[in-house]
Amino acid sequence: MRGSRPQARRLALGVFACLLIWVGGNLVHAQVAEVLVSPWDKLVHLTLHTGVALGAGLLLGVRRPRDLWRCFLLALLVGVMDEGLQFFEPGRSVDADDLLANAVGALLGTALHALHWRWRAGPRADSEDSALTRH
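Residues numbered from 1 in each chain as written. Predicted model: local features only at pLDDT ≥ 70, side-chain atom pairs only at ≥ 80, totals over all residues. Heavy atoms only, no water.

Asks: Would you mind showing me how to read the environment of Val-94 here?
Replies: Mapped onto the elements of the fold, Val-94 is located in the loop between α3 (68–86) and α4 (96–121). Between the C-alpha atom of Val-94 and that of Gly-84, which follows or precedes it by 10 residues, the distance is 6.4 Å. With residues up to four places along the chain from it excluded, the contact list for Val-94 reads Glu-83 and Phe-87. (Helix = DSSP H or I, 4+ residues; strand = E, 2+ residues; numbered from the N terminus. Contact = heavy atoms within 4.5 Å.)

Dropping the structure here:
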């Protein structure tokens, strides 16, 4: 039971950090909504959700390939929530292209997180003793 406490703390911190990024993204959107029009707004979605996936991976301590789904799923969940909440905001709408950009950003961030840990593991990443391949 003791080992689950730090993991639960990391999860809560990860969710909180992702929500802060989302709130910050909405505040930025309010300032640049007239400037960043389609298709350039997709770059913002992509970048934001790449950051969410990277942050989620670092905060959750994801270091094994089999756990990478956590980064992707959390970033994707934030993206779906972002688009879903726009349904209730005047002047905003749910956009499938934005959802796709969010998903691609989540995938990119997850891939970058995996590359980061592979790089940190160094040459031993191919061995059975690697933190990336240990099961």
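The structure having been displayed, the exposition proceeds.
Asks: Looking at this structure, I do not really get a nonpolar patch on the surface. What am I missing?
Replies: A cluster of nonpolar side chains, namely Leu-11, Val-15, Leu-19, Leu-77, Val-80, Met-81, Leu-85, Phe-87, Phe-88, Val-94 and Leu-99, defines an oily patch on the protein surface of about 970 Å² accessible area. For the nonpolar patch, the elements supplying multiple residues, two or more each, are α1 (4–32) and α3. Note that Phe-87 resides in the loop between α3 and α4. (Patch = residues over 30% accessible without salt bridge, like charges linked within 9 Å, V, L, I, M, F, W, Y side chains within 5 Å. Areas by Shrake-Rupley, 256 points an atom, 1.4 Å probe, with all protein chains shown as cover. Salt bridge = Lys/Arg side-chain N within 4 Å of Asp/Glu carboxyl O.)

Asks: Can you walk me through the side chain of His-113 in this structure?
Replies: One can find His-113 in helix α4. In terms of polar contacts, His-113 uses its side chain to reach the backbone carbonyl oxygen of Val-62, at 2.7 Å. For His-113, the contacting residues outside a window of four places in its chain are Leu-54, Gly-57, Leu-58, Val-62, Leu-68 and Cys-71. (Polar contact = N/O pair within 3.5 Å; in protein donor to acceptor, adjacent residues only side chain to side chain.)

Asks: Would you mind going over the nonpolar core with me for this structure?
Replies: The tendency in soluble globular proteins is for nonpolar side chains to be buried side by side. Membership of the largest hydrophobic core is limited to 6 residues, which are Ala-56, Leu-60, Val-62, Leu-68, Cys-71 and Leu-74. Sorting the residues of this core by element identifies α2 (41–60) and α3 as the ones contributing at least two each. The element that contributes the greatest number of residues to this core is α3, accounting for 3 residues. Setting aside anything within four residues of it in sequence, one finds Val-62 in contact with Gly-57, Asp-67, Leu-68, Arg-70, Cys-71, His-113 and Trp-117. Grouped together as the second largest cluster of nonpolar side chains are 5 residues, Val-52, Ala-53, Ala-75 and Ala-106 included. (Core = buried A, V, L, I, M, F, W, Y, C linked by side-chain atoms within 4.5 Å. Buried < 20%, exposed > 50% of the residue type's maximum accessible area, 1.4 Å probe, protein only.)

Asks: Would you mind going over the side chain of Gln-86 with me for this structure?
Replies: Secondary-structure assignment places Gln-86 in helix α3. When residues no more than four places from it in sequence are discounted, the contact partners of Gln-86 are Arg-92 and Ser-93.

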